[in-house]
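# Examination of the molecular architecture
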Amino acid sequence: MSENRSLNTTPLQGVHEEAGASFTDFGGWQMPLKYGSELAEHQAVRTSAGLFDLSHIGEVRVTGPQAAEALDYALTARITAVAPGKAKYSLICTESGTILDDLIVYRLDGGEDDAAREFLVVPNAGNASAVAAALTERSAGFEATVHNESAQTALVAVQGPEAARIVAAVLSAGEAAALEGLNYYSARRATLRTGGETADVPVLMARTGYTGEDGFELIIGPVSDRGVLSTEATGVWNVLLDAAGELGVELLPCGLASRDSLRLEAGMPLYGNELDLGHLPSESGAGGAVPLKSKQTDFVGRESLLAAREAGTGITTGQAVVALRGAGRRAARAGYAVLDAEGQRIGEVTSGIPSPTLGYPIALARVDIGFREAGTELAVDLRGKAEPFTVVEAPFYRRA
């Protein structure tokens, strides 16, 4: 049961308590860590499907004739090039080029009417307020309006190779057929048939995720009434579990523990670990999200990032994030020292686990740039013992 009522809770809190979830404080939110075995939850996503409550994540809507241009200025990606119904991964940087957050932008308008431009920006939970404030400030001078809808919105994700079958089962016949044409990093509005108190729930259905598998993120709301939001989110959660049962498909509720191990196997950075306010994108494994050559329009942080690139590597701290594979059985954890062949400290692990899928330890680490080439032999200080690790190409895992 829940004990700490001072933390923010999602509209699905009661569902998680009833399911016997173990909770953890995540950025001021009381979130399910796991429901039973985190290993079983991880494996369910890799082999069948997992169900996640991600309602702590932010949702910020940007509308108006110049919404795309405002986002072009606010973010590193070229949002004016995003087609209707598509999504784009991007960063929002400070003036000095460091990372305020990484996020996904969905274009929701149909493209026929300039006045009806509409985008949904989805930042990380702990950064939602800061991102909304930055977007509001950076939209000044543009015909664009920013609405922070995070408190009125819920998000449920279905991830895994069986995700499409499960989601299709709760859509109308016409919408289920349209699901086949919904490509990765695309989104469309849909209606889920939940039955119960709320027979139909409108959602934004996005084929995106953070696990390395196929899957869908179902954004519910905005709904101003907390009770209605809880009812709708609960209806969506339960109907997905029921649909999986009728299909004879495993769908396990999954917590943050398995979400973290899944994203790390997929080589995806986590804000607060690999990404932060102290490093540039090129120092964090996110340089590809800054298209300095193709995006000629100005954006916040562009001059600093250009100056760093023109200076040579685009790296000012002399370090970069690399992927590491362990040769033994013991896993490296965040904060552990990375050592060179002479035993000198040349970096620090940012994330590390024993990979459930691959059967060996994996980690991401920020190390001196002279050690970032694949094949470089390093070691990690595991409580006084130097364990061998090798720099490898990310991701560690890629689905078939």
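Residues numbered from 1 in each chain as written. Predicted model: local features only at pLDDT ≥ 70, side-chain atom pairs only at ≥ 80, totals over all residues. Heavy atoms only, no water.

Along the chain, D102 falls in strand β6 (residues 99-107). Although buried, D102 forms no salt bridge, and the nearest oppositely charged side chain, R263, lies 9.1 Å from it. Of note is the side chain of D102, whose polar atom sits 2.9 Å from the side chain of Y89. Side chain to side chain, D102 and N124 meet in a polar contact 2.7 Å long. For D102, the contacting residues outside a window of four places in its chain are Y89, S90, L91, P123, N124, P269, Y271 and L275. (Helix = DSSP H or I, 4+ residues; strand = E, 2+ residues; numbered from the N terminus. Buried < 20%, exposed > 50% of the residue type's maximum accessible area, 1.4 Å probe, protein only. Lys, Arg positive; Asp, Glu negative; His and termini not counted. Salt bridge = Lys/Arg side-chain N within 4 Å of Asp/Glu carboxyl O. Polar contact = N/O pair within 3.5 Å; in protein donor to acceptor, adjacent residues only side chain to side chain. Contact = heavy atoms within 4.5 Å.)

On to helix α4 (residues 128-138), then. For α4, every residue scored as buried is listed here: A128, V131, A132, A134, L135 and R138. For α4, the arc enclosing every buried residue in end-on projection is 165°, short of the 170-degree limit, so these residues lie on one face. Opposite the buried face of α4, by more than 90 degrees, sit the exposed residues S129 and E137. Of the surrounding elements, those touching the buried residues of α4 are β4 (60-63), α3 (67-74), β5 (87-93), β6, β7 (118-122) and β8 (145-148). (Arc of directions from axis to C-beta.)

Once that is clear, we can look at the environment of G110. As for its placement among the helices and strands, G110 is situated in the loop between β6 and β7. In sequence terms G110 and V391 are 281 residues apart; their C-alpha atoms lie 45 Å from each other.

The next subject is unusual backbone geometry. Glycine aside, negative phi is the norm for most residues, and most peptide bonds take the trans geometry. A cis amide bond, omega 10°, links G221 with the succeeding residue P222. Residue placement: P222 occurs in the loop between β12 (215-220) and α7 (226-247). Here A394 and P395 are connected by a cis peptide whose omega angle stands at 5°. Along the chain, P395 falls in the segment after β19 (385-392). The backbone of Y185 sits at a positive phi, close to 60°, despite the residue not being glycine. Here Y185 lies in the loop between α6 (173-179) and β10 (187-193). Judged by relative accessible area, Y185 falls into the buried class, the value being 18%.

In this structure, the second largest pocket spans a volume of roughly 270 Å³. Looking at the second largest pocket, it is lined by 18 residues, and the ones nearest its centre are N8, W29, H56, S150 and A151. (1 Å grid on protein atoms, 1.4 Å probe; cavity = no way out; pocket = protein on both sides within 12 Å on 5 of 7 lines; lining within 4 Å. Points joined across faces, edges and corners; volume = space filled by probe spheres on them.)

This part is about α3. Buried residues dominate α3, accounting for 6 of its 8 residues. Listed as buried for α3 are A67, A68, A70, L71, D72 and A74. On its buried side, α3 packs onto β4, β5, β6, β7 and α4.

Counted according to the given criterion, the structure contains 2 aromatic pairs. An angle of 70° between the planes, with centres 5.0 Å apart, marks the rings of Y184 and Y185 as edge-to-face. Exposure remark for Y184: the relative accessible area of 46% places this residue in the partly exposed category. The cationic tip of R46 hangs over the ring face of Y397; the distance from NZ or CZ to the ring centre is 4.0 Å. (Phe/Tyr/Trp six-rings, centres within 6.5 Å; stacked < 30°, edge-to-face > 60°. Lys NZ or Arg CZ within 6 Å of the ring centre and 35° of its normal.)

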